[in-house]
Amino acid sequence: MSYRDLPIPPNGRYTLEAIALLSKKWSPVVLLLLRHRGPQGFNDLLEGIPDISSRVLSDTLESLQEAGLIERHVVSESPLRVRYERTDAGREMDQIFEDLADWAASHLAHSNQTVLVADGDSRITEMYQQWVSDRYVVCRAHDNEEFAARLADGIDVALLDIGLPGIDIHKFVSRRPCRTVLIVGDQPDPALMSIECDDVLRKPFVRETALETIATQLDRVDESPEERERASLLARTSLLESIYSRIRLEDDETYCDLVARLEELDDST
């Protein structure tokens, strides 16, 4: 039966065509991998997708090219090296994937991923718990001893207030046993950004910001150490740039060190 035979409006038929394309087993996997890792070679995709054969990957890439969602670029002729990246149409699907993720988080089975919220004020941790408990398992900690005990249970993401009583922030983040988001005040001392972390939340923030931050960290669990460090540096420099003037930052040792390290990473890639 053709979709044209269905007693539904044209927009409904277009929706079914899009779903049919994305329902192919590996098509959304390739699109999401290209979204999160950028342009990839054939072997990069083959190594990045478990259980897919060369033949199936080739067919999937061809199908996505025919649909206008990715394009193939020849990097070198001899030896032949190609690179695949999303087209504008492919990038326009980002919002679709984000909406599907939100829907799944709200309506499918609850995640068993665990988020630790740590703050000296129990009222604050209770609020954070209410914000995210519909999507994640939530643990709370109000001092260093509770924090260490909760970490021993296995945590995926920690939202850690910089002022948690008794904690040695530098000692903890030097190990970073889980994805770590520091929570700082509205006007943090630039020196605080010398503390290694995966991201920074600046008070006050809202529920949507917390959920987006947690989801981003969970999406990045498979990134390389270099990718993780680069994301951390970008998060910390971006925060400082959103607060302080360029003139102020040019004379700040912490900011200059972060920028220098970021340039080193960029030069090495």
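Described in the following lines is the structure provided in the data block. This one's a predicted model, so the numbers in the text were calculated from it and none came from an experiment.

Attention now moves to the sheet that holds strand S2 (residues 70-76). Taken together, the three strands give an open sheet; going across it, the order is S1-S3-S2, and neighbouring strands pair in antiparallel fashion. At either margin of the open sheet sits one strand with a lone partner, and together these are strand S1 (40-41) and S2. Summarising the sheet, S1 and strand S3 (residues 81-86) pair through two bridges and their orientation is antiparallel. Paired with Gly-41 across the strands is Arg-83, a residue of S3.

What follows deals with the pattern of salt bridges. Enumeration over the complete set of coordinates arrives at 17 salt bridges. Between Glu-98 and Arg-35 there is a salt bridge whose closest N-O contact spans 2.7 Å. Of the two residues, Glu-98 is situated in helix H6 (residues 94-107) and Arg-35 in helix H2 (residues 27-37); the sequence distance between them amounts to 63 residues. Residue class for Arg-35 comes out partly exposed when judged on its relative accessible area of 23%. The partner of Asp-121 in a salt bridge is Arg-123, with the nearest N and O atoms 3.0 Å apart. In this structure Asp-121 comes out as partly exposed when scored by relative accessible area, which is 24%. Taken together, the shared-partner salt bridges connect Arg-35, Arg-86, Asp-94 and Glu-98 into one network.

Pairing is parallel in the open sheet, where five strands are placed in the order S5-S4-S6-S7-S8. For this open sheet the edge positions go to strand S5 (137-141) and strand S8 (199-202), each flanked by a neighbour on one side alone. Along the sheet, successive strands turn relative to each other by an average axial angle of 20°, direction set aside. Sheet strands in contact with helix H7 (residues 122-132) are strand S4 (114-118), S5 and strand S7 (179-184), and its direction is about 175° off that of S5.

A word on the layout of surface pockets. The computed volume of the second largest pocket comes to approximately 170 Å³. Lining the second largest pocket are Pro-39, Gln-40, Gly-41, Phe-42, Asp-44, Val-75, Leu-80, Arg-81, Val-82 and Arg-83. Sorting the residues of the lining of the second largest pocket by element identifies S1, helix H3 (42-48) and S3 as the ones contributing at least two each. Classifying every residue of the lining of the second largest pocket by side-chain character gives five nonpolar, two polar and three charged.

This paragraph deals with the state of the cysteines. By the definition in use, this model includes zero disulfides. The thiol of Cys-178 is unpaired, and the distance to the nearest cysteine sulfur, on Cys-139, comes to 11 Å. Residue class for Cys-178 comes out buried when judged on its relative accessible area of 6%. With no disulfide of its own, Cys-256 lies 18 Å from the sulfur of Cys-197, the closest cysteine sulfur. Cys-256 gets classed as partly exposed once you look at its relative accessible area, which sits at 33%.

This paragraph deals with the pairing of S5. Relative to S5, S4 runs parallel, the two being bridged by five bridges. Within S5, the position partnered with Val-117 by the bridge is Arg-140. Handedness of the crossover joining S4 and S5 through H7: right-handed.

Rules used in this analysis
Residues numbered from 1 in each chain as written. Predicted model: local features only at pLDDT ≥ 70, side-chain atom pairs only at ≥ 80, totals over all residues. Heavy atoms only, no water. Pairing = 2+ DSSP bridges. Helix = DSSP H or I, 4+ residues; strand = E, 2+ residues; numbered from the N terminus. Salt bridge = Lys/Arg side-chain N within 4 Å of Asp/Glu carboxyl O. Buried < 20%, exposed > 50% of the residue type's maximum accessible area, 1.4 Å probe, protein only. Axes fitted to C-alpha atoms, helices over the stretch in contact; angles between N-to-C directions. Contact = heavy atoms within 4.5 Å. 1 Å grid on protein atoms, 1.4 Å probe; cavity = no way out; pocket = protein on both sides within 12 Å on 5 of 7 lines; lining within 4 Å. Points joined across faces, edges and corners; volume = space filled by probe spheres on them. Nonpolar A, V, L, I, M, F, W, Y, C, P; charged D, E, K, R; others polar. Disulfide = S-S within 2.5 Å. Right-handed = clockwise from strand over helix to strand, strands pointing away.

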